[in-house]
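# Fold and geometry: a report
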Amino acid sequence: MNVEAKINRALEALKTVDDPDLKQDLVKLNMVRDLTIGDRGQLKFTLVLTTPACPLKAQIEDDCRKALRFAGFEDIEMFTTAEVRSFRGVGANAPVTGVANILAISSGKGGVGKSTVSVNLAISLARLGARVGLLDADITGPNIPLMLGIKDKPGSTPDGKKILPLEAHGIKAISMGMLVKDDEPVVWRGPMLHSAINQFFRDVEWGQLDYLLVDLPPGTSDAQLTICQAVPLAGAVVVSTPQDVALLDSKKGFMMFKKMNVAVLGVIENMSYFIAPDTGARYEIFGHGGAEKIAASWGVDFLGALPLFPGIRQASDEGVPLVVSDPDSEVAQLFSKIAQQIAARISIQVASELEVPV
């Protein structure tokens, strides 16, 4: 069999392998690249995933090897990489230069740990290989700098036209908390908030990012509407505790996104339970399972439950988030799994926009 015939045979074999999320074969999705036959007759190709945080990477690689071996190939050299495609949206919302996908992290009310979740998810995505930024859109109550341990002030590009975000733990970040003194209140009306948020999108030199997470202020006010109208959001994630009052306010946020044609990718239940460190007993202090039920009623995915864990609070206060300070802990692994699920759902959103059947 000549080289061309072998390549064609390999391609036919790989056409039998589907991306489990996108439900199309890898060849049609252009996820198989640079397929060649090496000097010693080995089959060489590049597998290009839609995200470095792909939760099904091992399964897809294994399916490729099985299909190729069934087709008679034994010596296989597969190099796996990722190419994050951009969500552009519809209408007049202009993309942010260099940013592929923008994700809003939302909560209906304060005190549910949304910022803590945002920080740990952003770092989890970065640790999985993605290029990640975090925008603190809570202009009047910024706390992202404290959680990331950032104390410096942002600089500017050589021409002075753009702000340079600060970096910590593998992600880029910008926050009003980096621009004002710790005890200086930001007492602004709606138009000023609108202007500041737009500046954080347009006047910050983000560089090339796969994901820009936006930590929204709680509720459904000017800031949320500004963001929904200013940029193409690939989706939103709702963070809530299990208690009824938090879930009621979360529903208002969900309805806002629905009206603004922003896809809600899923719901995270934070402070879902507490494990006593001395006895190992489990306590459901704020109830349990409410967020999963409301996600089902909305017809969206339940992304996972995170415990009420003192180490999360301590790590955030010290500026070294838990996924950095204790990356092998059970809670850090939960954050990583949720980050992978979010990345997969963004890939599905992009595929739908590109008219790839899913």
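For the structure itself, look to the data block above.
The following refers to the structure shown. Since this is a predicted model, take the numbers as computed values, not measurements.

### Considerations on empty space enclosed by the protein
The gaps left among the atoms become clear once a water-sized probe is rolled over them. One pass over the structure, following the stated rule, counts 4 cavities of 30 Å³ or more. Looking at the largest cavity, the residues that line it are Leu22, Thr50, Val84, Arg85, Asn101, Tyr211, Ala343, Ile346, Ser347, Val350 and Ala351. Tallying contributions element by element places helix 11 (residues 330–353) first for the lining of the largest cavity, with 5 residues. Considering only enclosed or pocket space, the second largest cavity measures out at about 60 Å³ in volume. Lining the second largest cavity we find Asp19, Asp21, Leu22, Thr50, Thr51, Cys54, Leu56, Ile60, Ala344 and Ser347. Looking at the lining of the second largest cavity residue by residue, the classes come out as 5 nonpolar, 3 polar and 2 charged.

### Re the environment of Asn2
Counting through the fold element by element, Asn2 comes out in the segment before helix 1 (3–14). For the pair Asn2 and Ile37, spaced 35 residues apart in sequence, the C-alpha separation works out to 10.0 Å. A polar contact of 3.3 Å, which involves the side chain of Asn2, links it to the backbone nitrogen of Glu4.

### Some remarks on the layout of surface pockets
Computed from the structure, the second largest pocket encloses a volume of approximately 270 Å³. Looking at the lining of the second largest pocket, the elements with two or more residues in it are helix 3 (114–127), helix 4 (144–148) and helix 9 (310–317). Tallied by class, the residues present in the lining of the second largest pocket amount to 10 nonpolar, 4 polar and 2 charged.

### Section: the packing of aromatic side chains
Enumeration over the complete set of coordinates arrives at 1 aromatic pair. The interplanar angle of 10° and the centroid separation of 4.3 Å between the aromatic rings of Phe254 and Trp298 together place this pair among those described as stacked. Of this pair, Phe254 sits in helix 7 (residues 244–259) while Trp298 sits in helix 8 (residues 290–298); the two residues are 44 residues apart in sequence, bridging distant segments of the chain. Look at Phe254 and you get buried, because its relative accessible area is 9%. Of note, Arg282 hangs over the ring of Tyr273, and the distance from its end group to the ring centre comes to 4.0 Å.

### Quick notes on the pattern of salt bridges
Under the defined criterion, the tally for this structure stands at 11 salt bridges. A salt bridge links Arg131 to Asp210, with the nearest nitrogen and oxygen atoms 3.0 Å apart. Taken together, the residues span a long stretch of sequence, with Arg131 in the loop between helix 3 and strand 5 (132–136) and Asp210 in strand 10 (residues 209–215) at a distance of 79 residues. On the accessibility criterion, Asp210 (5% relative accessible area) is buried.

### As for the pairing of strand 5
The buried count for strand 5 comes to 5 of 5 residues, which makes it a mostly enclosed element. Residues Val132, Leu134 and Asp136 line one face of strand 5 and the alternating positions Gly133 and Leu135 line the opposite face, and both faces are buried. Alignment of strand 5 against strand 10, held across 5 bridges, turns out to be parallel. When the bridges of strand 10 are listed, Asp136 appears paired with Asp215. Where strand 5 lies against strand 9 (residues 171–174), 3 bridges are found, and the strand directions are parallel. When the sheet's bridge partners are listed, Leu134 is paired in strand 9 with Ala173.

### A few points about the sheet that holds strand 8 (residues 166–168)
Spatial strand order, 8-9-5-10-4-11-12-15: 8 strands in an open sheet with mixed pairing. The open sheet is flanked by strand 8 and strand 15 (302–305), the only strands paired with a single partner. When the angles between neighbouring strand axes are averaged without regard to direction, this sheet yields 25°. Its contacts with the sheet put helix 8 on strand 11 (233–240), strand 12 (264–269) and strand 15, and the angle it makes with strand 12 is roughly 160°.

Calculation criteria
- Residues numbered from 1 in each chain as written.
- Predicted model: local features only at pLDDT ≥ 70, side-chain atom pairs only at ≥ 80, totals over all residues.
- Heavy atoms only, no water.
- 1 Å grid on protein atoms, 1.4 Å probe; cavity = no way out; pocket = protein on both sides within 12 Å on 5 of 7 lines; lining within 4 Å.
- Points joined across faces, edges and corners; volume = space filled by probe spheres on them.
- Helix = DSSP H or I, 4+ residues; strand = E, 2+ residues; numbered from the N terminus.
- Nonpolar A, V, L, I, M, F, W, Y, C, P; charged D, E, K, R; others polar.
- Polar contact = N/O pair within 3.5 Å; in protein donor to acceptor, adjacent residues only side chain to side chain.
- Phe/Tyr/Trp six-rings, centres within 6.5 Å; stacked < 30°, edge-to-face > 60°.
- Buried < 20%, exposed > 50% of the residue type's maximum accessible area, 1.4 Å probe, protein only.
- Lys NZ or Arg CZ within 6 Å of the ring centre and 35° of its normal.
- Salt bridge = Lys/Arg side-chain N within 4 Å of Asp/Glu carboxyl O.
- Pairing = 2+ DSSP bridges.
- Axes fitted to C-alpha atoms, helices over the stretch in contact; angles between N-to-C directions.
- Contact = heavy atoms within 4.5 Å.

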